[in-house]
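Secondary and tertiary structure notes
This is what each chain is made of:
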Amino acid sequence: SFLSGEISYALGDWERAADAFMDAAKRDEKGPFADDAAFAAIRSLEAAGKDADAAKAWKDWEKKYPQSPLAGEALVARSWNALRRGAPAEAARALETLAARHRWMEEDPRVVLARSVVAYLEGRSEDVITALYEAPDGPAKTYLRAMAFEAQGAALKAAALYQEVAERYPRSPLRDPAMLAKANIFLASGAYRSAAEEMKRVVEKCTREDIRGEAEIRRAMAIYLDGKTEEGFQQLRDVAAKHAGTDIAARAHYFLGEALFAEKSYPEAIAEFNRVLADYFEHSLAARAQYRVGRCLDALGRGAEATSTYQATVAGYPLSPESPAAAYLAGVGLIAQKRPLAAAPYFQLVLDRYAKNDSSGAIVFASENHRELVEASLCLLEYSYHISGNLGQLSGVPHLMLQKMPPSKSPWRAYALLIDADALAAQGRFAEAEGMLKGLLASFPDHPVAIPANRLLAWTYAEQGQGDLAIETEERMLSRYAAFGDEANLSSAFYNKANILFNRKEYKEAAATYDEYLRRFPNHPKRLQALYQAGLCYQRLDQNGDAVDRWEALVKADSASALAERALVRAGDLYFRAESYKDAKRCYGLLLEKFSSSSAAAMGLLRIAQCEYNAGNDEEALNRFSEVAARFPESPIVKDAERGIELALYRLGQRADGSEVLARLVERYPTSSFAADAQFEIAMRSYKAKRYAEAAEEFRRVVSQFPGYSAADRAHYLMADSYREAGAGHDALLAYEQFLSLFPESEFRPTIRFRLGSMKFEDEKYLEAAVDFTGVVDGEAPKDIAAASLYNLALCKRMLGDTEGTATALELYRERYGASDERAADIAYQLGDIYDKAGRAEAAAEEFARALSAKPEARLAIELHFRVGYCAEQGGDDERAIAEYRKAYAAEEKDDDYRLLAVARLAALHEKLGNNDKALAAYRDLIRNSKDEELVLAAKEHAELLKAASK
């Protein structure tokens, strides 16, 4: 049975395998392989996609086989099972149990990866990156690190890692998702042209049909969003036809409908949305498509049909997110059709969905975003009952809901309160109406609703027999609003007079009248029109400064109005003609910012380009002219833009640095053969300016966007170097390691391996560093890199305790690079130190002397004189020892530790030989210069004894 299960599992027949394994477990329930069979049965369930059943089975297995050697493996499997089911907390508990019971499995790559997935799902992206740093390389590790970087907002790092998965692990099941993920980063960031190119690459290279379809639809959307409307439409149609009957086709039709809606092609949009409804009526997009049909009909002015569509959305998809919005619009449409009682249930539906009672009975919103929709629905519900004459129902549940609603300054609430108070007053509930109206006037004193609210309040006073209060309220209302009415009439007279003068072409008088109007009525609704007209007057009087002042004031007052668009165009043109290019660009720039989709945007962008060109900023002018051609290909001004490109390129080409500038500018055209050179040049400029963090990112773009670039290895090398210079050691290490796998034939490999070895040496990973240095020494490397690597290899061996290997490496270095090499002193010093510690004093002294002959720096020379002297002293040659100690004694660095050791030994030898005066001088030197209190105390004692002996 067990073997039968193995065969079925190998053939992919998971259910039969599970049955066979369970049969094996039952047949030999107490035998040595029962736990293995039951284990294999659960894994078969998981392979069949039955993770929920497997999760229960794992718990039973652990209870039944607590001592099984497979217990640790079961916990690993349980953790991954929980992750697949979207239960990271359960997975974390399984991993904690594993750590407690089977600690030796903590470093298992599967466990490390599972912990990292838990951290990612819990939003701890930084922990993911840290945890995976030491993990073995693999597609899963790299993909998860990419996801973590993406979650942190490091989109480019994520893109590079996704590309690494795709390129380094072509047989991994993560290859296709990685390619799509990289492309999607560009789409999400709004780089639509790059996104379209990357999606095309996914379509061409991936093997999974579902991902190919996803890439096709996203590429089509990217093309559309990049401004290529017709091409985008055609691509979406092609995708829908190619994948007919699938989720991809449904989404393609829907996206095409949305794009057509945005282009105000409402009949065509309706046709696409209806295709979703006809062919994919059970799709998750069906409710949205039905709702969008209603919006299209509304936009076409076909209100009755739109209302019916909204009603169908509510009836057909009552639980969809679009249902409340559709219900609200259905209610509005029914009110417009004078069917208020039919509208009321739809407004009630919105309230039922989004307005809930908390424990205290107060109304709370499912989301703060729903507040306005709820307030509008309640107001229109009351209005529906009001105009239908159903005041009793209005004053029932809607009235109670209004009392429980949280405070708000919404005009919907103001009108709802007025309608509610009117219904109460009509039913004779004056006290309640009075209280509601006073609250309304207190909350909305300056709202237009205050006028009818005051009148209704006065009426309620009168109905209650409080005539004085009624008269007082009327008088207060008149005194407050009468002046406003006179001002409106007066301001209108001023405005109309100015318009008449303008039409009679009496511009001077018209301008003065507009100015007087603006001075006296600065907040009048017509002030923007007056400012615009005043500007026209001054322009026609050739007072251009006054004209632009008026238009600038208009834009400052309301930069989003239609008049502001016209004012910006006129002000920009005046500045342009006056050669005030900075102000002209400011106006055109604001025009582009506020009215990017208007017909004036193309002219504004062209004018900005012309400003840059006329001001001598040829690089920026070329950028702008190119942008005009790209964004507005059908506009007649494209010819002007193309002419501008030719002029700018011509003038740029006359400069000494013209080739570099042109290469950099071509970056705007990513498919150009110059694009990679341009990106590399940008990176080099940052690098030379020592903006290393910026340079690293720019170099990384060279590699990620142009992996076939001839200098990609140099770019990657400089990227890693930039990370190192910027202090980002971890990123530099990763970049160096990636280099070795990405560029096996590069001339930079020896340098990269040397850098890797140096970084690992600094991190005290001596064995790993030795491997890298050996790779350089054994390969073909430049002399300076090879020499440094051999020397560092010797240091690694020494740190690892391999004394013999260290000496061999140092001797090899001396043999290869001679006694005149810059490291000659260090080589001799290291060998001398090795011989000294091995008890070979004579050989050590010889090496220390050789180091001295290489003229080392001062501090090392002091140590070397001491070491030679000490070796001589050990060998009984006191005369030579004293001579060497005296050389150290004569050094200028009085506080040097080795000098002081030499002085101490010198004093001891002189005392031993009876040279008391010289010994005393040495002791006094120690007392003056040593910071070691014990040494100073000992020196003082010896000095006192010598003094006493001399007496």
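Residues numbered from 1 in each chain as written. Predicted model: local features only at pLDDT ≥ 70, side-chain atom pairs only at ≥ 80, totals over all residues. Heavy atoms only, no water.

1. Topic: the overall build of the protein
Along the protein, the regular secondary structure elements total 51 helices and two strands. Expected size for 951 residues packed as a compact globule is a radius of gyration near 30 Å; at 43 Å, the protein overshoots this value by more than 25%. Dimensions of the protein, computed from C-alpha atoms along their principal axes, come out at roughly 130 × 95 × 65 Å. Residues classed as buried in the protein amount to 49% of the 951 residues present. Long-range contacts, defined here as pairs at least 24 residues apart, represent 49% of the contacts in the protein between residues at least 6 apart. As presented, the protein carries roughly 47,400 Å² of accessible surface, and 51% of it is formed by carbon and sulfur atoms. (Helix = DSSP H or I, 4+ residues; strand = E, 2+ residues; numbered from the N terminus. Rg over C-alpha atoms; globule rule 2.2 N^0.38 Å. Buried < 20%, exposed > 50% of the residue type's maximum accessible area, 1.4 Å probe, protein only. Contact = heavy atoms within 4.5 Å. Areas by Shrake-Rupley, 256 points an atom, 1.4 Å probe, with all protein chains shown as cover.)

2. Here's the deal with the nonpolar core
If you look at the biggest cluster of nonpolar residues, it comprises 84 residues, and the most contacted ones within it are Leu437 and Leu440. Ignoring any residue separated from it by four or fewer positions in sequence, one finds Leu437 in contact with Leu418, Ala421, Ala453, Leu456, Leu457 and Thr460. Membership of the second largest hydrophobic core comes to 52 residues, among which are Tyr514, Phe521, Leu536 and Tyr588. (Core = buried A, V, L, I, M, F, W, Y, C linked by side-chain atoms within 4.5 Å.)

3. Digging into the environment of Ala55
You can see Ala55 is positioned in helix 4 (residues 51-64). Overall, the relative accessible area of 13% leaves Ala55 in the buried class. Sequence-wise, Ala55 and Ser79 are 24 residues apart; in three dimensions their C-alpha atoms are separated by 9.6 Å. Setting aside chain neighbours within four positions, we find Ala55 in contact with Asn81 and Arg85.

4. Some words on the side chain of Glu698
You can see Glu698 is positioned in helix 38 (residues 692-705). With residues up to four places along the chain from it excluded, the contact list for Glu698 reads Gln679, Ile682 and Ala683.

5. Side note on the packing of aromatic side chains
On inspection of all chains with the given rule, the structure shows 26 aromatic pairs. Ring centres of Tyr829 and Phe848 lie 6.2 Å apart, and the angle between their planes is 50°; this geometry places the pair in the tilted category. Here Tyr829 is found in helix 45 (residues 824-837), whereas its partner Phe848 is found in helix 46 (residues 841-853), with 19 residues between them in sequence. Accessibility expressed as a relative area gives 16% for Tyr829, which makes it buried. By relative accessible area, which is 0% here, Phe848 ends up buried. Plain terms: the ring middles of Phe866 and Tyr898 are 5.9 Å apart, the flat faces sit at 50° to each other, and that makes the pair tilted. Of this pair, Phe866 sits in helix 47 (residues 858-874) while Tyr898 sits in helix 49 (residues 897-912), and the two are 32 residues apart along the sequence. Judged by its relative accessible area of 29%, Tyr898 is partly exposed. Here the aromatic residues Phe39, Trp58, Trp61 and Tyr65 are joined through ring pairs into a cluster of three or more. Sitting above the plane of the Phe261 ring, Arg292 keeps its charged end 4.5 Å from the centroid. Geometry around Phe444 places Lys409 over its ring, the cationic atom sitting 5.8 Å from the centre. (Phe/Tyr/Trp six-rings, centres within 6.5 Å; stacked < 30°, edge-to-face > 60°. Lys NZ or Arg CZ within 6 Å of the ring centre and 35° of its normal.)

6. Topic: the side chain of Asp176
Its location among the elements puts Asp176 in helix 11 (residues 175-188). At 2.8 Å, the side chain of Asp176 and the backbone nitrogen of Thr207 are in polar contact. Those residues in contact with Asp176 that lie beyond four places of it in its chain are Cys206, Thr207, Arg208 and Ile211. (Polar contact = N/O pair within 3.5 Å; in protein donor to acceptor, adjacent residues only side chain to side chain.)

7. Looking at the packing of helix 5 (residues 71-84) against helix 6 (residues 88-101)
Two elements in contact, helix 5 and helix 6, have axes separated by 7 Å at closest approach and are oriented at 165°. When the interaxial angle is binned, helix 5 and helix 6 end up roughly antiparallel. For helix 5 against helix 6, the interelement crossing comes out left-handed. Only Pro88, Glu90, Ala91, Ala94, Leu95, Thr97 and Leu98 of helix 6 make contact with helix 5, whose side of the interface consists of Gly72, Leu75, Val76, Arg78, Ser79, Ala82 and Leu83. Of the residues in the contact of helix 5 with helix 6, the class split is nine nonpolar, three polar and two charged. (Axes fitted to C-alpha atoms, helices over the stretch in contact; angles between N-to-C directions. Parallel < 35°, antiparallel > 145°, perpendicular 65-115°, else oblique. Left-handed = near helix turned anticlockwise from the far one by under 90°. Nonpolar A, V, L, I, M, F, W, Y, C, P; charged D, E, K, R; others polar.)

8. Focus on the confidence of the model for the protein
Detail in the predicted coordinates should be disregarded across regions flagged by low pLDDT. Looking at the protein as a whole, its pLDDT mean stands at 84, while 91% of the residues score no less than 70. Across the protein, the element-wise mean pLDDT spans from 48 in helix 36 (residues 658-665) up to 93 in helix 1 (residues 2-10). In the model, residues 662-669 has pLDDT below 50 throughout and makes 25 contacts with residues more than four positions away in sequence or in other chains. (pLDDT = per-residue confidence, 0-100.)

9. Notes on the pattern of salt bridges
Applying the stated criterion across every chain yields a total of 65 salt bridges. Notably, a salt bridge pairs Glu62 with Arg78, separated by 2.8 Å at the nearest N-O pair. In this pair, Glu62 is assigned in helix 4 and Arg78 in helix 5, connecting sequence segments 16 residues apart. Between Glu305 and Arg302 there is a salt bridge, with its nearest N and O atoms 2.8 Å apart. Residue Glu305 is classed as partly exposed on the basis of its relative accessible area of 39%. Linked through salt bridges whose partners overlap, the residues forming this network are Arg798, Asp833, Asp836, Lys837, Glu863 and Arg867. (Salt bridge = Lys/Arg side-chain N within 4 Å of Asp/Glu carboxyl O.)

10. With respect to a positive patch on the surface
A cluster of like positive charges, contributed by Lys505, Arg540, Arg566 and Arg570, occupies part of the molecular surface. The residue Arg566 is located in helix 31 (residues 562-577) in this model. Judged by its relative accessible area of 45%, Arg566 falls in the partly exposed class. (Patch = residues over 30% accessible without salt bridge, like charges linked within 9 Å, V, L, I, M, F, W, Y side chains within 5 Å. Lys, Arg positive; Asp, Glu negative; His and termini not counted. Charge placed at Lys NZ, Arg CZ, Asp CG, Glu CD.)

11. Considering helix 49
If you check helix 49, its first and last C-alpha atoms are 23 Å apart, about what 16 residues at 1.5 Å a residue would give, namely 22 Å. Taken together, the buried positions of helix 49 are occupied by Arg899, Leu900, Ala902, Val903, Leu906, Ala907, Leu909 and His910. On the buried face of helix 49, the contacting elements are helix 47, helix 48 (878-889) and helix 50 (916-929). Backbone nitrogen of Tyr898 and a side-chain oxygen of the N-cap are separated by 2.9 Å at the start of helix 49; the cap is Asp896. Gly914 lies just past helix 49 and shows a positive phi near 85°. (Expected span 1.5 Å × (residues − 1).)

12. Some points on helix 48
Helix length check: helix 48 (12 residues) gives 16 Å between terminal C-alpha atoms against 16 Å at 1.5 Å per residue, within 8%. Here helix 48 has its buried residues at Asp878, Ala881, Ile882, Glu884, Tyr885 and Ala888. On its buried face, helix 48 sits against helix 46, helix 47 and helix 49.

13. Notes on the state of the cysteines
Going through the model one piece at a time under the given rule, you end up with zero disulfides. Distance from the sulfur of Cys587, which forms no disulfide, to the nearest cysteine sulfur (Cys611) is 9.5 Å. Relative accessible area serves as the criterion here: at 1%, Cys587 is assigned to the buried category. (Disulfide = S-S within 2.5 Å.)

14. Some details on unusual backbone geometry
The phi torsion of most residues other than glycine is negative, and most of the peptide bonds are trans. Phi is positive for Lys338, close to 60°, though the residue is something other than glycine. Here Lys338 lies in the loop between helix 19 (323-336) and helix 20 (340-354). On the accessibility criterion, Lys338 (73% relative accessible area) is exposed. A positive phi is found at Asp542, a non-glycine position, where the angle reads about 60°. Along the chain, Asp542 turns up in the loop between helix 29 (527-540) and helix 30 (544-557). Judged by relative accessible area, Asp542 falls into the exposed class, the value being 66%.

15. Notes on the environment of Gly190
Looking at where Gly190 falls in the secondary structure, it is placed in the loop between helix 11 and helix 12 (192-205). Through-space distance from the C-alpha of Gly190 to that of Ala222 is 8.7 Å; in sequence the pair is 32 residues apart.

16. Section: the packing of helix 31 against helix 33 (residues 599-614)
At a minimum axis separation of 11 Å, helix 31 and helix 33 run at an interaxial angle of 20°. Put simply, helix 31 runs roughly parallel to helix 33. The handedness of the crossing between helix 31 and helix 33 comes out as left-handed. From helix 31, Glu565, Val569, Asp573 and Phe576 reach across to helix 33, where they touch Ala600, Arg607, Gln610, Cys611 and Asn614.

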